[in-house]
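Residue-level structural notes
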Amino acid sequence: AQSVAQPEDQVNVAEGNPLTVKCTYSVSGNPYLFWYVQYPNRGLQFLLKYITGDNLVKGSYGFEAEFNKSQTSFHLKKPSALVSDSALYFCAVRDHNNAGNMLTFGGGTRLMVKP
Amino acid sequence: GAGVSQSPSNKVTEKGKDVELRCDPISGHTALYWYRQSLGQGLEFLIYFQGNSAPDKSGLPSDRFSAERTGGSVSTLTIQRTQQEDSAVYLCASSPAPPSGPPGIYNEQFFGPGTRLTVL
C-alpha cells in the first residue's frame, strides 16, 4: 500500500521569507511524486512532479521540491513567499507498481503567508 | 483550451434522495478519476475509468455509490439514498494517456472545480 504524510496542518510564514511544506511517503516500488495547490472554492492545480532524474524539481509559481530517497521525503519549497501563495497544499504519490494508478494524497497543509 | 468541468457546482439535497454529479473531462483524456474531499480531510479516491471501463472501483464507500462513463468522455457519479455523511466536495480529474506503463503513469491529473454536496 502507498501512503503520504504531511505532518503540519498549517505553516505560517512572513512574506519574503523562505517556506517549506513537508511531505513524506511510503511505497513499495519507485515513487512518482506530485504537489498540488488548492485555492478557496477551486479545484486542485498541479504544481510539479518528480518522476526520475534530478532530485530538485522546479515547478509553477517559483515553487520547487526536493526528492530525498533515503528520507522518503518530497518537501515543497519556495525561496521567497508571497501573500498570494496562501492556499492548501497537497502532496501525492503514485506507486509504479499500482495498477490502478490512482494518486494517494496527504491530508493537506494550509500555508498562511502574512504581509 | 477548456479544462475539466463539473456540474452542478453546488447541490443541496435531503437525506434519502438520489443525486447525480457530472464530469466533463478534457477532450482526448482517456483516464478519468473521482475523488471525495470531506471537510477537514484530504482527498479520498473513489473510482478510476480507463475509457468506458472502470478497472478500479476500490474507493467507492458503499453500494449506494456508482459511476459510469459513456463515449470515453462524460462521467456521472450517482449517490443513491444520500446520507449526511455523504456531504463533501466531489472532485473529478482527467489524465491524457492510459495510466498503465510509461508514459501515462507519469502524467499529472487535471482537476475540475468540484461539486459541493450538502445532504440535509
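Just so you know, these numbers come straight off a predicted model, no measurement behind them.

Each value, and the rule that gives it
- Along each chain, residue indices are assigned from 1 in the same order as the chain's sequence is written.
- Note on labels: chains are lettered from A, ligands numbered from 1, in written order.
- Only residues with pLDDT of at least 70 are given local features in this predicted model, and only at 80 or more are side-chain atom pairs given and counted; all residues enter the totals for whole chains, interfaces and linings.
- As a convention, hydrogens and water are excluded, and side-chain values are obtained from all of the structure's heavy atoms.
- In this description a helix means any DSSP run of H or I spanning at least four residues, a strand means any run of E spanning at least two, and both kinds are numbered starting from the N terminus.
- Our radius of gyration looks at C-alpha atoms and nothing else; its globule reference is 2.2 Å times the residue count to the power 0.38.
- The buried label applies to any residue whose accessible area, calculated with a 1.4 Å probe on protein chains only, is under 20% of its type's maximum; exposed applies above 50%, and partly exposed to all values in between.
- In this analysis, two residues are considered to be in contact whenever any of their non-hydrogen atoms come within 4.5 Å of each other.
- Counted charges follow a simple rule, with Lys and Arg positive, Asp and Glu negative, and His plus the chain ends left uncounted.
- Every charge is mapped onto a representative atom, which is NZ of Lys, CZ of Arg, CG of Asp or CD of Glu.
- Within this document, salt bridges are pairs made up of a side-chain nitrogen of Lys or Arg and a carboxyl oxygen of Asp or Glu, the two lying within 4 Å of each other.
- Buried area is a sum: the accessible area each of two parts loses on coming together, probed at 1.4 Å, counted once for each and added.
- Polar contact is defined as a pair of N or O atoms within 3.5 Å, subject to the rule that within protein one atom must be able to donate a hydrogen and the other to accept it, and that residues adjacent in sequence are counted only when both atoms are side-chain atoms.
- By definition, two strands form a pair when at least two bridges between them are found by DSSP.
- Orientation is described by axes fitted as lines to C-alpha atoms, over the contacting stretch for helices, and by angles from 0 to 180 degrees between their N-to-C directions.
- Here, a disulfide means two cysteine sulfur atoms that sit within 2.5 Å of each other.

Topic: the overall build of chain B
- Across its full length, chain B holds 0 helices and 11 strands.
- Shown N-terminal to C-terminal, the secondary structure of chain B runs as helices and strands in the order β-β-β-β-β-β-β-β-β-β-β.
- Expected size for 120 residues packed as a compact globule is a radius of gyration near 14 Å; at 14 Å, chain B falls within 12% of this value.
- For chain B, the residues scored as buried account for 49% of the 120 residues in total.
- Put simply, 56% of the contacts in chain B that link residues at least 6 apart link residues at least 24 apart.
- Positive and negative side-chain charges of chain B, numbering 10 and 11 respectively, have mean locations separated by a distance of 4 Å.

Re the pattern of salt bridges
Residues and elements named next belong to chain A.
- One pass over the structure, following the stated rule, counts 7 salt bridges over all chains.
- A salt bridge links D85 to K78; its shortest N-O distance comes to 2.8 Å.
- A relative accessible area of 3% means that D85 is categorised as buried.

Overview of the interface of chain A and chain B
- Listed per partner, the contact involves 23 residues of chain A and 21 residues of chain B.
- Overall, the association of chain A and chain B removes approximately 1700 Å² of surface from exposure, summing both partners, and the carbon and sulfur fraction of that is 56%.
- In this structure, the salt-bridge partner of K49 of chain A is E108 of chain B, at a minimum N-O distance of 2.9 Å.
- At the junction of chain A and chain B, the tally comes to 4 residue pairs in polar contact (both at pLDDT 80 or more).
- Elements with a contribution of two residues or more to the side of chain A that touches chain B: β5 (31-38), β6 (44-50) and β10 (87-95) of chain A.

A closer look at the environment of K17 of chain B
All names here are of chain B.
- Among the secondary structure elements, K17 is positioned in the loop between β2 (10-13) and β3 (19-24).
- Its relative accessible area of 46% is what places K17 among the partly exposed residues.
- The sequence separation of K17 and S62 amounts to 45 residues, and the corresponding C-alpha distance is 16 Å.
- Leave out the neighbours within four places in its chain, and K17 touches I79, Q80, R81 and T82.

Structural notes on the sheet that holds strand β8 (residues 75-79) of chain B
All names here are of chain B.
- Spatially, 4 strands are ordered β1-β3-β8-β7 in an open sheet, and the strand pairing comes out antiparallel. Each edge of the sheet is formed by a strand with only one pairing partner; in this case those strands are β1 (5-7) and β7 (65-69). Shown here is a sheet whose adjacent strand axes are inclined to one another by a mean of 15°, direction ignored.
- As paired elements, β7 and β8 share 5 bridges and run antiparallel to each other.

Here we look at the pairing of strand β5 (residues 43-50) of chain B
All names here are of chain B.
- With 6 of its 8 residues buried, β5 lies for the most part within the structure.
- Sheet topology note: the strand β4 (residues 31-37)/β5 ladder contains 7 bridges and is antiparallel. In the sheet register, L32 faces β5, and the bridge partner there is F49.
- The sheet contact formed by β5 and strand β6 (residues 53-56) spans 2 bridges and is antiparallel. If you follow Y48 over to β6, its bridge partner there is D56.
- Counting the residues in the hairpin turn of β5 and β6 gives 2 residues, including G51, whose phi is positive at 65°.

Overview of the state of the cysteines
Residue and element names in this part refer to chain A.
- One pass over the structure, following the stated rule, counts 2 disulfides over all chains.
- The side chain of C23 participates in a disulfide bridge whose partner is C91; the two sulfur atoms lie 2.0 Å from each other. Its S-S torsion of approximately -65° makes the covalent link between C23 and C91 left-handed. With a gap of 68 residues between them, C23 in the loop between β3 (19-21) and β4 (24-26) and C91 in strand β10 connect regions that are remote in the sequence.
- Given a relative accessible area of 0%, C91 falls into the buried group.

Remember, this is a structural readout, not a statement about activity or role.
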